[in-house]
Amino acid sequence: MSESLRARRDQALGAGAQLFYTEPLHIVRGDGVELFDADGRRYIDMYNNVPCVGHGNARVAEAMAAQQATLNVHSRYLHEGIVSFAERLVALHHDGIESAVISCTGTEAVEVAMNIARIATGRRGVIATDATYHGNTEAVIALRQAASQPDEHPDVATFPFPQRLRPIRDGLDEQALADAYLDELTAAIGRLESSGAGVAGIILCSIQANEGLPDIPGKFMAQAAQLVREAGGLVIADEVQAGYCRTGRWWGYEVTGFEPDIAVMGKPMGNGLPLAATVASKQLVDRFRAATRYFNTYGASPLQAAVGHAVIDEIEDRELAASVTELGYGLKQALVERAEHCEWMADVRGHGLFLGVEMVSGDDQAPDRARAVDFTDRLKHHGILASHAGAFANVLKVRPPLVLQQSHAEEFLSAFDAVLHELDG
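We now turn to the structure provided with this report. (Residues numbered from 1 in each chain as written. Predicted model: local features only at pLDDT ≥ 70, side-chain atom pairs only at ≥ 80, totals over all residues. Heavy atoms only, no water.)

### As for the environment of E193
Working step 1: Structurally, E193 can be placed in helix α6 (residues 174-195).
Working step 2: Since its relative accessible area comes to 47%, E193 is described here as partly exposed.
Working step 3: Sequence separation between E193 and A231 is 38 residues, and the spatial gap between their C-alpha atoms is 8.9 Å.
Working step 4: If we ignore the near neighbours within four places in the chain, the residues touching E193 are G198, V199 and A231. (Helix = DSSP H or I, 4+ residues; strand = E, 2+ residues; numbered from the N terminus. Buried < 20%, exposed > 50% of the residue type's maximum accessible area, 1.4 Å probe, protein only. Contact = heavy atoms within 4.5 Å.)

### Here we look at the packing of α6 against helix α7 (residues 220-230)
Working step 1: Packing of α6 against α7 brings their axes to within 10 Å, and their N-to-C directions diverge by 25°. Between α6 and α7, the angle is such that the two are roughly parallel. Considering how the two elements wind past one another, α6 and α7 form a crossing that is right-handed. The residues of α7 that touch α6, namely those facing Q175, A178, D179, Y181, L182, L185, T186 and I189, are F220, Q223, A224, L227 and V228. (Axes fitted to C-alpha atoms, helices over the stretch in contact; angles between N-to-C directions. Parallel < 35°, antiparallel > 145°, perpendicular 65-115°, else oblique. Left-handed = near helix turned anticlockwise from the far one by under 90°.)

### Considerations on the pattern of salt bridges
Working step 1: Evaluated as defined, the whole model comprises 19 salt bridges.
Working step 2: Across the pair R42 and E411 runs a salt bridge whose closest N-O atoms are separated by 2.8 Å. Taken together, the positions of R42 in strand β3 (residues 42-45) and E411 in helix α13 (residues 406-424) put the pair 369 residues apart, joining distant regions of the chain.
Working step 3: For R42, a relative accessible area of 31% translates into the label partly exposed.
Working step 4: Each of the salt bridges in this network shares a partner with another, and the network as a whole consists of R59, E314, D317 and R318. (Salt bridge = Lys/Arg side-chain N within 4 Å of Asp/Glu carboxyl O.)

### Structural notes on the sheet that holds strand β14 (residues 384-385)
Working step 1: Taken together, four strands build an open sheet; the order of strands is β1-β2-β3-β14 and the sheet is mixed. Bordering the open sheet on either side are β1 (27-31) and β14, each of which pairs with just one other strand.
Working step 2: Packing of α13 onto the sheet brings it into contact with β2 (34-37), β3 and β14, and relative to β3 it is tilted by some 100°. (Pairing = 2+ DSSP bridges.)

### A few points about the pairing of strand β9 (residues 262-265)
Along a regular strand, successive side chains alternate from one face of the sheet to the other.
Working step 1: Neither face of β9 is left uncovered, since the one carrying I262 and V264 and the one carrying A263 and M265 both have all their residues buried.
Working step 2: Relative to β9, strand β8 (residues 234-238) runs parallel, the two being bridged by three bridges. Residue I236 lies in a different strand from β9, and its bridge partner there is I262.
Working step 3: In this structure, β9 lies alongside strand β10 (residues 276-280), joined through three bridges in antiparallel fashion. Residue pairing across strands places V264 opposite T278, the latter belonging to β10.

### Looking at the packing of aromatic side chains
Working step 1: Taken as a whole and assessed by the stated rule, the structure comprises eleven aromatic pairs.
Working step 2: Their ring planes at 45° and their centres at 5.7 Å tell us that W250 and W251 sit as a pair that is tilted. Across the pair, W251 and W250 agree in class, each one buried.
Working step 3: Among the aromatic side chains, those forming a connected cluster through ring pairs are W344, F375, F412 and F416.
Working step 4: R29 extends its terminal NZ or CZ atom over the ring of F36, reaching a point 4.1 Å from the ring centre. (Phe/Tyr/Trp six-rings, centres within 6.5 Å; stacked < 30°, edge-to-face > 60°. Lys NZ or Arg CZ within 6 Å of the ring centre and 35° of its normal.)

### Here's the deal with the pairing of β3
Working step 1: Relative to β3, β2 runs antiparallel, the two being bridged by three bridges. Its bridge partner lying in β3, L35 is registered against Y43.
Working step 2: The antiparallel hairpin formed by β2 and β3 contains four residues in its connecting segment, where G40 sits at a positive phi of about 90°.
Working step 3: Pairing geometry for β3 and β14, over two bridges, is parallel. Bridging across to β14, I44 finds its partner in I384.

Take it as geometry only, folks, not as evidence of what the structure does.
Given below as structure tokens:
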């Protein structure tokens, strides 16, 4: 059945559409943190952040159905729901975040953020790390491609992402290492100024998720924000993965110590319904509106508002921020203990319920992507779904729905131990 479905998928969607695992899964149902395949086998989902308040969440499903059965139109009519949702969303951010542009995907929200920065500053240049990922449109994918194809993307400058495991210079203390990365950022600013593009802004995932959740040295994030502002640019925090209590705080930037001028959210906002947002000061959003007359048929809809409210209600009513903090701390400590006795587990990193385990090989601790792939396949065999990511795709990525319970965490650790035994036995 699965092979037949896979062949039909290749025909219908085109060969090469990505699938997880060496032997792909045919998932048919979800409930909270649990997923079930076509044969009825149960898996613990330790990967999917989109259904942040759980697969098949009843409150979200009921809100979605009730609103769709009542009214769902575009945003060119007045509607209480979308106004109150936007008000509620910006109130969750720091002072100075006042207005929202509602869209459907993180990619779209990032492009809106870049346009806000370019309109506000009158400049084109955007800075990103050399291992970043922010989306799929031509303008946004340039942020990733610029590291390897700088001549093709003159409006983007990249710099090495800040980290402690593989520092750009050895033998430095915490702040000296941060300063070394700040020097790289200063050079990127200089390249944009020399090219004539100027600095419109910098975009950073607040916890450097796609870079592999590196431990960021010193006060790099706050100092980087200051450098960019001194160059006349704005600071954009990509909270698509870092936000919505993933770290135990509402926003990743609260954990890594800086305040953005613009923040971008997506995926978890709708628990599966396409919902994203770009937030900033009213002045910045007003200038963007005046310059672009931006409109999205499906953005800022009553349906998005109803679901957006339901997701926030679940997070607040179930006190998920506290749960994420407690469970995340316990999981991280348990993984750190295992890493102390495993030579190919080089590092355990992350915040809340977003953790990474770096896998390496050899005396030089070279990134070991093959081991990370094998590890995720073996976890799946034991009923645990995870993935791998990072600059070298060698970091086991642990990012379950926020409704994870202690019993699920224990099942994960039991399966983790079983895989360790298989590999080292």
